[in-house]
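Residues per chain are reported as follows:
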Amino acid sequence: MTDGKKSAAQLWGSADYSGLAKRLEPAADALVDAVAPRAGEHVLDVAAGTGNVAIRAAACGVKVTAVDIAPRMVQLGRERTGPAVEWIEGDVEDLPLPDNTVDVALSAFGVIFAPRPDVALAQLRRVLKPGGRIALTAWTTDGYVAQRARLIRLFVPPDPAAADSLSWGDPEILEQRLATEFTGITIERLAVPWHFDSPQQMTSFYEAHSAAYRAAKQAAGDRAQEMAAAIEQQASPDGGPVRWESTYLLVQALAR
Ligand SMILES: C[S@@+](CC[C@H](N)C(=O)[O-])C[C@H]1O[C@@H](n2cnc3c(N)ncnc32)[C@H](O)[C@@H]1O
């Protein structure tokens, strides 16, 4: 594993992800509903986190494998799903699965963290059977998550080696990326509610549950408080309750 991958694994394991997982549940519902796994199918949840998607797929009575790069996520996921899901520590750019063995590959806000999108998509295609289904979610380039990321960049310059996760939220780029390995591409725009009683409650939530936010605050050094205040101001300019609908794309396609 490269140093970048090791630090991704450490980063994602460094906060209590449960709060974020809870808020992302509507996207996991949408992904599993979209592909409607059928009896006898093998479903893969990639960059599975603690198994929001995997646990829903397993409820359809199918075989489910979940892969995540962070050992801590794999441990928590295993505890959460029990034996209904097989958990494997692994990198989406080097999937620990044989060729042509998966019917449905899913990833909720996960594959978007691969530094090399083409490599990740080629891996997903490799493990899928021909005609297999893929469905992924990615934050839109104009939604709340993208706006917050752009604000954070004013305080913490992006690491050029890190994944450009927001590029996945541009429908044109997404379609181009998928077109090499997949066909029948459809893209829907959906949203998860991003509601908090106050902007301060929101940043306290990030402190508790978002490894990326904590890392950004650390990297911002003596501007950390200024950054937190800017994030609060952005989420709620008048200081009242935060009421965003955080938009994302749900893309579906078939393996060529
Ligand atoms: C935002 S979380 C999403 C988790 C889960 N899919 C969900 O919806 O709750 C992103 C996940 O991607 C995983 N991840 C990041 N880079 C990865 C990689 N290269 N290979 C596999 N997993 C990766 C992280 O460990 C983390 O669990």
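Our structure's up above, just so we're on the same page.
Summary of the structure given here. (Residues numbered from 1 in each chain as written. Predicted model: local features only at pLDDT ≥ 70, side-chain atom pairs only at ≥ 80, totals over all residues. Heavy atoms only, no water.)

1. A look at the overall build of the protein chain
A tally of regular secondary structure across the protein chain gives eleven helices and seven strands. In terms of C-alpha radius of gyration, the protein chain reaches 18 Å, essentially the compact-globule figure of 18 Å for 256 residues. With respect to the three principal axes, the spread of C-alpha positions in the protein chain is 50 × 40 × 35 Å. Here the protein chain holds 256 residues, and 52% of them are scored as buried. Considering only contacts within the protein chain whose residues lie at least 6 apart along the sequence, 75% involve residues at least 24 apart. Carbon and sulfur atoms form 53% of the exposed surface of the protein chain, whose accessible area is close to 11400 Å². Separation of charge centres in the protein chain, based on 25 positive and 32 negative side chains, amounts to 2 Å. (Helix = DSSP H or I, 4+ residues; strand = E, 2+ residues; numbered from the N terminus. Rg over C-alpha atoms; globule rule 2.2 N^0.38 Å. Buried < 20%, exposed > 50% of the residue type's maximum accessible area, 1.4 Å probe, protein only. Contact = heavy atoms within 4.5 Å. Areas by Shrake-Rupley, 256 points an atom, 1.4 Å probe, with all protein chains shown as cover. Lys, Arg positive; Asp, Glu negative; His and termini not counted. Charge placed at Lys NZ, Arg CZ, Asp CG, Glu CD.)

2. Concerning the nonpolar core
Core analysis: the largest hydrophobic core is formed by 80 residues, its most contacted members being L44, L124, I134, M202, M227 and I231. Sort the elements by how many residues they give to this core and strand β7 (residues 242-255) lands first, with seven residues. (Core = buried A, V, L, I, M, F, W, Y, C linked by side-chain atoms within 4.5 Å.)

3. Overview of the sheet that holds strand β2 (residues 63-68)
In space, the seven strands of this open sheet follow the order β3-β2-β1-β4-β5-β7-β6, with mixed pairing throughout. With one partner strand each, in any of the chains shown, β3 (85-89) and β6 (182-196) form the two edges of the open sheet. Within the sheet, the average angular offset between the axes of one strand and its neighbour, ignoring direction, is 20 degrees. Examined bridge by bridge, β2 and β3 share five bridges and lie parallel to one another. Paired with V67 across the strands is I88, a residue of β3. Where helix α5 (residues 71-81) meets the sheet, it contacts β2 and β3, and its direction lies at approximately 170 degrees from that of β3. Packed onto the sheet, helix α9 (residues 199-209) meets β6 and β7 and runs at close to 120 degrees relative to β6. (Pairing = 2+ DSSP bridges. Axes fitted to C-alpha atoms, helices over the stretch in contact; angles between N-to-C directions.)

4. Quick word on helix α10 (residues 211-220)
Within α10, the full set of buried residues consists of A211, Y213, A216, K217 and A220. On its buried side, α10 packs onto α1 (3-12), α7 (144-153), α9 and α11 (224-235). Note on α10: the residue one or two positions beyond its end, G221, has a positive phi of about 60 degrees.

5. What to know about the side chain of R148
Among the structural elements, R148 can be located in helix α7. For R148, the side chain forms a polar contact with the side chain of Y206, separated by 2.7 Å. Residues within four places of R148 in sequence aside, it is in contact with W194, Y206, I231 and Q234. (Polar contact = N/O pair within 3.5 Å; in protein donor to acceptor, adjacent residues only side chain to side chain.)

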